[in-house]
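Next come the chains, spelled out residue by residue.
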Amino acid sequence: MNISVVVPVYNEEENIIRLIQKIKPILSTTPGNHEILFIDDGSKDKTYEVLQKCSQEDKSVKVIKFLKNFGQTAALNAGFRHAKGEVIVTMDGDLQNDPSDIPKLLEKLERGYDVVSGWRYNRRDPSLKKVLPSLIASFIRRRIIGDKVHDSGCSLKAYRQEVVKDLKLLGESHRFIPLILQLQGCKIGEVKVNHYPRKFGKTKYGVKRLWNGLFDILGLIFWHKYGTKPLYIFGAISLFSMCTAVFVVLYVFLIAFLQGVRVSVGPLLLFSVLLFLAGIQTFLIGIIAEMQTRLYYNDKESYTIEKMLNE
Ligand code: UDP
Ligand code: MG
């Protein structure tokens, strides 16, 4: 079994060598070839220089250097695309994950899972800034779309290469790759892993992570439910809006008729005009979304095949 360890790094100069020294002995206990693929996500410190040196000394250390900082999600995406192993292990480059957990992940993966996700049951991050928001986010994910994983924000994960090779990750959606894969029908496992406080360098995420995460998840829910048929949701909202408008108009006319007075242009009538226009707008947005979707699926299928016989 060939293993690729994929590590996105952004300004982690002090951590690189220490990390390689921890990963190598673990990988050498596993059969097959291995590589450690670093994605230097536009670091401004000496990260790239350190990586360059390490890759000269050790051919199994590979490096992809981004032109600028594109974010951890993009870095992982590049890692998935270029990793050569049949198994891809991802982890952070800041020593918060423990490479000695890798064999546990691999063992579970071998038992027939497509993804095995680490669970930092003893998470060592500031609780108010990180742990609490991430608990709330995972509660919402579990309730709304049935995410099965406890700690999908944990970077330490193992994947069968096929399931992530063509994954298209956008925004900061690396935080819920297991959910994305679960929605595609993959089998997801979980393993408790160690977690350590960050010793060198700084965290790259601030409070913006909260609402970015919310919009990522809203986008995912929308895509999952209506991605192939946006007009179902936009059409329904539009229909509801227009029907309400018609009812309000009828109501205004009926009241005027019963009172034997002429219909006057009051707030209710204006409200119904507004509703009607909103309905038309929503419908038009739906049409545009529908056209986008058709373009998106132009050269892709909207399903994934598990198996084919006599292919
Ligand atoms: N990272 C990256 N690009 C970014 C932000 C972060 O490659 O734009 C890397 C970072 O170097 C680290 C990992 O992603 O290896 C996780 O980042 P960090 O430790 O800052 O996240 P936290 O653990 O604080 O959630
Ligand atoms: Mg970290």
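Data block above holds the structure.
So, a few notes on the structure that sits alongside this text. Quantities reported herein were computed from a predicted structural model and do not represent experimental measurements.

**Side note on the overall build of the protein**
1) Next: Within the protein one finds ten helices and seven strands.
2) Next: For the protein, the C-alpha radius of gyration of 25 Å lies well beyond 19 Å, the compact-globule estimate for 311 residues.
3) Next: Counting only residues that meet the buried cut, the protein has 44% of its 311 residues in that class.
4) Next: Put simply, of all contacts in the protein between residues at least 6 apart along the chain, 80% involve residues at least 24 apart.

**A word on the site of ligand 1**
1) Next: The local shell around ligand 1 holds 17 residues, among which Glu12, Asp41, Asp94, Lys130 and Thr203 are the closest.
2) Next: At a separation of 3.4 Å, an oxygen atom of ligand 1 approaches a polar side-chain atom of Gln72.
3) Next: Considering ligand 1 on its own, with 530 Å² of exposed area, one finds that the protein chains cover 94% of that surface.
4) Next: Looking at the shell around ligand 1 residue by residue, the classes come out as four nonpolar, six polar and seven charged.

**Quick word on the packing of helix α1 (residues 16-28) against helix α2 (residues 47-57)**
1) Next: For the pair α1 and α2, interaxial distance at closest approach is 10 Å and the crossing angle is 35°. The segment α1 lies against α2, with Ile16, Ile17 and Ile20 engaging Thr47, Val50, Leu51 and Cys54.

**Some details on the sheet that holds strand β3 (residues 61-65)**
1) Next: Taken together, seven strands build an open sheet; the order of strands is β3-β2-β1-β4-β6-β5-β7 and the sheet is mixed. Lying at the two open borders of the sheet, with one neighbouring strand each, are β3 and β7 (188-192). Ignoring which end each strand starts from, the neighbouring axes of this sheet average 20° apart.
2) Next: Sheet strands in contact with α1 are β1 (3-9), β2 (34-40) and β3, and its direction is about 155° off that of β2.

**Remarks on the pairing of strand β4 (residues 87-90)**
1) Next: Of the two faces of β4, the one holding Val87 and Val89 and the one holding Ile88 and Thr90 are both buried throughout.
2) Next: Direction of pairing for β1 relative to β4: parallel, over a ladder of four bridges. Looking at β4, one finds that Val6 is bridged to Thr90.
3) Next: For β4 and strand β6 (residues 157-160), the ladder comprises four bridges, and the chain directions are antiparallel. Residue pairing for β6: Val87 is matched across the bridge by Arg160.

**Side note on the packing of aromatic side chains**
1) Next: Evaluated as defined, the whole model comprises seven aromatic pairs.
2) Next: Taking 5.2 Å as the distance between ring centres and 75° as the angle between the ring planes, the aromatic pair formed by Phe80 and Tyr159 counts as edge-to-face. Separated by 79 residues along the polypeptide, Phe80 in helix α3 (residues 72-82) and Tyr159 in strand β6 bring together distant segments of the chain.
3) Next: Tyr159 sits in the buried class, given a relative accessible area of 1%.

**Describing the nonpolar core**
1) Next: Of all hydrophobic cores here, the largest spans 31 residues; its most connected members are Val5, Phe38 and Val89.
2) Next: Counting residues per element, the ones that place at least two in this core are β1, α1, β2, α2, β4 and α4 (102-110).
3) Next: Broken down by element, the residue count for this core peaks at six residues, all from α1.
4) Next: Setting aside its immediate chain neighbours within four residues, Phe38 contacts Val7, Val9, Ile16, Leu19, Ile20, Leu51, Val61, Lys62, Val63 and Ile64.
5) Next: With 27 residues, the next largest nonpolar core counts Ala83, Ile145, Leu169 and Cys186 among its residues.

**Thoughts on the coordination of the magnesium ion (ligand 2)**
1) Next: Protein-derived ligands of the magnesium ion (ligand 2) are Asp94 (OD) and Gln96 (OE1), with the metal-ligand distances lying across 1.9 to 2.0 Å. Summarising the burial analysis for this pair, Asp94 and Gln96 share the class buried.

**A look at the pattern of salt bridges**
1) Next: Inspection of the entire model under this criterion finds 17 salt bridges.
2) Next: With a shortest N-O distance of 3.1 Å, Lys104 and Asp101 are connected by a salt bridge.
3) Next: The partner of Asp125 in a salt bridge is Arg123, with the nearest N and O atoms 3.1 Å apart. The exposure classification of Asp125 matches that of Arg123, with both residues buried.
4) Next: It is possible to trace a salt-bridge network through shared partners that takes in Glu12, Asp94, Arg198 and Lys204.

**Structural notes on the packing of helix α9 (residues 230-259) against helix α10 (residues 267-296)**
1) Next: Between α9 and α10, whose axes approach to 8 Å, the crossing angle comes to 165°. The angle between α9 and α10 falls in the class roughly antiparallel. Viewed along their axes, α9 and α10 form a crossing whose handedness is left-handed.
2) Next: Grouping the amino acids of the contact of α9 with α10 by side-chain chemistry returns 20 nonpolar, eight polar and one charged.

What counts, and at which threshold
- Residues numbered from 1 in each chain as written.
- Chains lettered and ligands numbered in written order.
- Predicted model: local features only at pLDDT ≥ 70, side-chain atom pairs only at ≥ 80, totals over all residues.
- Heavy atoms only, no water.
- Helix = DSSP H or I, 4+ residues; strand = E, 2+ residues; numbered from the N terminus.
- Rg over C-alpha atoms; globule rule 2.2 N^0.38 Å.
- Buried < 20%, exposed > 50% of the residue type's maximum accessible area, 1.4 Å probe, protein only.
- Contact = heavy atoms within 4.5 Å.
- Near = heavy atom within 4 Å.
- Polar contact = N/O pair within 3.5 Å; in protein donor to acceptor, adjacent residues only side chain to side chain.
- Areas by Shrake-Rupley, 256 points an atom, 1.4 Å probe, with all protein chains shown as cover.
- Nonpolar A, V, L, I, M, F, W, Y, C, P; charged D, E, K, R; others polar.
- Axes fitted to C-alpha atoms, helices over the stretch in contact; angles between N-to-C directions.
- Pairing = 2+ DSSP bridges.
- Phe/Tyr/Trp six-rings, centres within 6.5 Å; stacked < 30°, edge-to-face > 60°.
- Core = buried A, V, L, I, M, F, W, Y, C linked by side-chain atoms within 4.5 Å.
- Donors = N, O, S within 2.8 Å, 3.2 Å for Na, K, Ca; no water.
- Salt bridge = Lys/Arg side-chain N within 4 Å of Asp/Glu carboxyl O.
- Parallel < 35°, antiparallel > 145°, perpendicular 65-115°, else oblique.
- Left-handed = near helix turned anticlockwise from the far one by under 90°.

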